[in-house]
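# Analysis of the macromolecular model
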Amino acid sequence: MFRTLTGFAIFILLASGCSLFRPAIPEESPALHYPEPDSAIVQMLDTYRPGMERLMGRSIATVRDTIGFDQPEGALGNLVADALRYRAAHETRGFVHVGIIGESSFNLIFEPGVLTLGHIYEFMPYENHLVVLTMDGEKVQELMDQVASLGGAPVSGVRFNIDEENRARGILVNSEVIDPNRDYLVATTSWAANGGDVFPALWEATGRMDLDVSVRQIFTDYFRGQAELVDFRDGRIR
Amino acid sequence: MISRKDFLKQASALAAGSFVPMYAGSNLMNGFAGKRLTVLYTNDTHARLDPFPDNARRFAGLGGIARRASLVKKVRAQESNVLLLDGGDVFQGTPWFDVYGGKVDLELMTGMNYDAMVVGNHEFDRGLDGFAEAAQKAGFPILASNYLTRNTPVNPYIQRQIVKEFDGFRVGIFGIGIQFDGIVERKLHGNVSSHDPITVARRGVESLREYHRCDYVICLSHLGFQYQNGRTDDITLAGSVAGIDMIIGGHTHTFLDEPVFIENPSGKKTIVTQMGHSGIRVGRLDLDISGLNGNPVIESRYYLIDGESTSLRGQQQTNP
């Protein structure tokens, strides 16, 4: 069928003259479609699937609701930012005030059902590690302004409103009004701290601790510890 | 049954993508008049062996190496002189890499008859031993002329350049990897050292053109398309080195709908292209010497691997 239609398309093309010979169409990709998988490659790939399933098919958690990275606040964003902050506190045996991570590192939303290890590795494919930064209140304010300018991002330990100029207003850090003159500890990933992601305020931290804990392991452990993963939002960004 | 709307979309896609004369007059001389070379290319496939899952935040349902293989097979059946090339970062990105460390990717690429790939920074993600172990599965050349690999486990698996002989003409292909500083940790690249891309590229072109008598020179680059911070990129490379006809890039995951043309020091144009990431698209460039005034006509197109998607422009770059 496709072959017949393709022949007809070429006929139209030839019959229409050179006016059709133009570069890419801006909104629709000028692409051809080849959806049929090659059977030899499928067969080769299938020989490796059992090994994949054995390691990656392990159940980690149950997902009750569809959860994603909504703005200004999303349930999945809350989960990953909380996971970073809580683990950082556990690792440092102290209080960590803020957790933050850019959502661009994540590939999936979660749908109801069993969440496997493979889902988590697909969700967060990068081998980043946990970093705890020291930032003064002024820098944390700047960081939250950067979050606000994006319309919201995964954060933990803070609450604020986004005003009409897309700035963070009324920032509370762990229920207290932010103090520009004191230091705060901020948990994030090595990728964000090293200059990736979209939060330049992180790059001007006054102190840094690199912890030998994989971010994917943090999520795996945190999700495993939840009875169910649900669409939970607490209005931390409004 | 295909709908009328879909059919018209496909028809116009064929029209737009199939026969667009992009540029006439590269470094190629008239040595193979009437001959045609088809270059198929990917980059940053990142272990995306299966299509993106349905709950993917972007590109759901797109990609998949078995579909890509089907396309490549079809083009090879239609054209006599085909090159299949990759711009690096085959490793990392899905659980396939976490479980098999790139071995499956390289084995399947061998099954597809890839002609060459360049080393990407993620090829070092499991250190030199991990890279070497996976590279044993590659039945095609892995290139990086600016990486010094002597006395390291990857030395047997990395070549500087290759020459492909076709019916009446020769194509030289060399690889340029990204410089390690700030990109690949020392503990991962070990005693492999990276060297200045432009200096090494000049030497490579001289060797391929003068000694190996190549008619056409392709650079597989994992430098990245373009930066604002002074790091050497494909645009800089193209503008600094004479004698490269085409740069197939990677690293920055740049979706170029059409190649760009950069004037090089000889006054001729170098084609620079890159095809996004994850095998969502396969790029194709056809060189046909029988075109305008005896110079090669470059016809450009790309294939979306199973797409209902609209424009893919402006996608955010993540952790390249």
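As the structure is a prediction and not an experimental result, all values here were calculated from the model.

## Comments concerning the overall build of chain A
Along the backbone of chain A there are eight helices and 10 strands. When the 238 residues of chain A are sorted by exposure, 43% land in the buried category. In chain A, 77% of the contacts between residues at least 6 apart in sequence involve partners at least 24 apart.

## Re the pairing of strand β15 (residues 281-288) of chain B
All names here are of chain B. With seven of eight residues buried, β15 is to be regarded as a mostly interior element. Pairing between strand β2 (residues 36-42) and β15: six bridges, direction antiparallel. Bridged to leucine 37 within β15 is leucine 287.

## Things to note about the sheet that holds strand β11 (residues 216-221) of chain B
Residue and element names in this part refer to chain B. Overall, mixed pairing links the six strands, which are arranged β8-β9-β11-β12-β14-β13 in an open sheet. What marks the edges here is a single partner per strand, and that holds for β8 (161-165) and β13 (260-263). Neighbour to neighbour, the strand axes of the sheet diverge by 25° on average, direction disregarded. Relative to strand β14 (residues 269-273), β13 runs antiparallel, the two sharing four bridges. Along β14, the bridge assignment pairs isoleucine 262 with threonine 270. Set on the sheet, helix α7 (residues 197-211) makes contact with β8, β9 (170-176) and β11; between it and β9 the angle comes to about 160°.

## Describing the sheet that holds strand β6 (residues 158-162) of chain A
Residues and elements named next belong to chain A. Strand order across the open sheet formed by three strands is β6-β7-β8, with antiparallel pairing between neighbours. Every other strand in the sheet has two partners, leaving β6 and β8 (176-177) as the edge strands with one partner each. Bridging between β6 and strand β7 (residues 168-173) involves four bridges; their strand directions are antiparallel. Bridged to valine 158 within β7 is valine 173. In the packing of helix α6 (residues 137-149) onto the sheet, contacts are made with β6 and β7, and the angle to β7 comes to roughly 125°.

## What to know about the packing of helix α2 (residues 39-46) of chain A against helix α2 (residues 65-78) of chain B
Axis separation between α2(A) and α2(B) bottoms out at 8 Å; the angle between their running directions is 150°. Accordingly, the angle class assigned to the pair α2(A) and α2(B) is roughly antiparallel. The crossing of α2(A) and α2(B) is right-handed. Here A:Ile41, A:Val42 and A:Leu45 of α2(A) come into contact with α2(B), specifically with B:Ile65, B:Ala66 and B:Ala69.

## Section: α6(A)
Residue and element names in this part refer to chain A. The terminal C-alpha atoms of α6 lie 18 Å apart, and with 13 residues this matches the ideal 18 Å at 1.5 Å per residue to within 8%. Turning to α6, its buried residues number three or more, namely Lys139, Val140, Gln141, Leu143, Met144, Val147 and Ala148. Residues of α6 that are buried make contact with β2 (98-100), β4 (129-136), β5 (155-156), β6, β7 and β9 (183-189). Of the residues trailing α6, glycine 151 is marked for its positive phi of about 90°.

## Describing the environment of A:Met135
Residue and element names in this part refer to chain A. Mapped onto the elements of the fold, methionine 135 is located in strand β4. A count of 22 C-beta atoms within 10 Å places methionine 135 in the buried class. The sequence separation of methionine 135 and glycine 207 amounts to 72 residues, and the corresponding C-alpha distance is 7.2 Å. When residues no more than four places from it in sequence are discounted, the contact partners of methionine 135 are Val140, Leu143, Tyr184, Val186, Ala205 and Thr206.

## Some thoughts on unusual backbone geometry
A:Pro72 follows A:Gln71 through a cis peptide bond whose omega is 5°. Note that A:Pro72 resides in the loop between β1 (59-63) and α4 (75-92). Residue A:Ser175 is not a glycine yet carries a positive backbone phi of 70°. Of note, A:Ser175 is situated in the loop between β7 and β8. Positive phi values are uncommon outside glycine, yet B:Asn151 reaches one of about 60°.

## A word on the packing of α2(A) against helix α4 (residues 103-111) of chain B
Two numbers describe how α2(A) lies on α4(B): the axes approach to 10 Å, and their chain directions differ by 160°. With respect to α4(B), the element α2(A) is oriented roughly antiparallel. The two elements α2(A) and α4(B) cross, and the hand of that crossing is right-handed. Of α4(B), the residues touching α2(A) (which contributes A:Ala40, A:Ile41, A:Met44 and A:Leu45) are B:Glu107, B:Leu108 and B:Gly111. Taken together, the residues that form the contact of α2(A) with α4(B) break down as five nonpolar, one polar and one charged.

Conventions used here
Residues numbered from 1 in each chain as written. Chains lettered and ligands numbered in written order. Predicted model: local features only at pLDDT ≥ 70, side-chain atom pairs only at ≥ 80, totals over all residues. Helix = DSSP H or I, 4+ residues; strand = E, 2+ residues; numbered from the N terminus. Buried ≥ 20, exposed ≤ 12 C-beta atoms within 10 Å, placed from the backbone. Contact = placed C-beta atoms within 7 Å. Pairing = 2+ DSSP bridges. Axes fitted to C-alpha atoms, helices over the stretch in contact; angles between N-to-C directions. Parallel < 35°, antiparallel > 145°, perpendicular 65-115°, else oblique. Left-handed = near helix turned anticlockwise from the far one by under 90°. Expected span 1.5 Å × (residues − 1). Nonpolar A, V, L, I, M, F, W, Y, C, P; charged D, E, K, R; others polar.

Keep in mind these values describe shape, not function.
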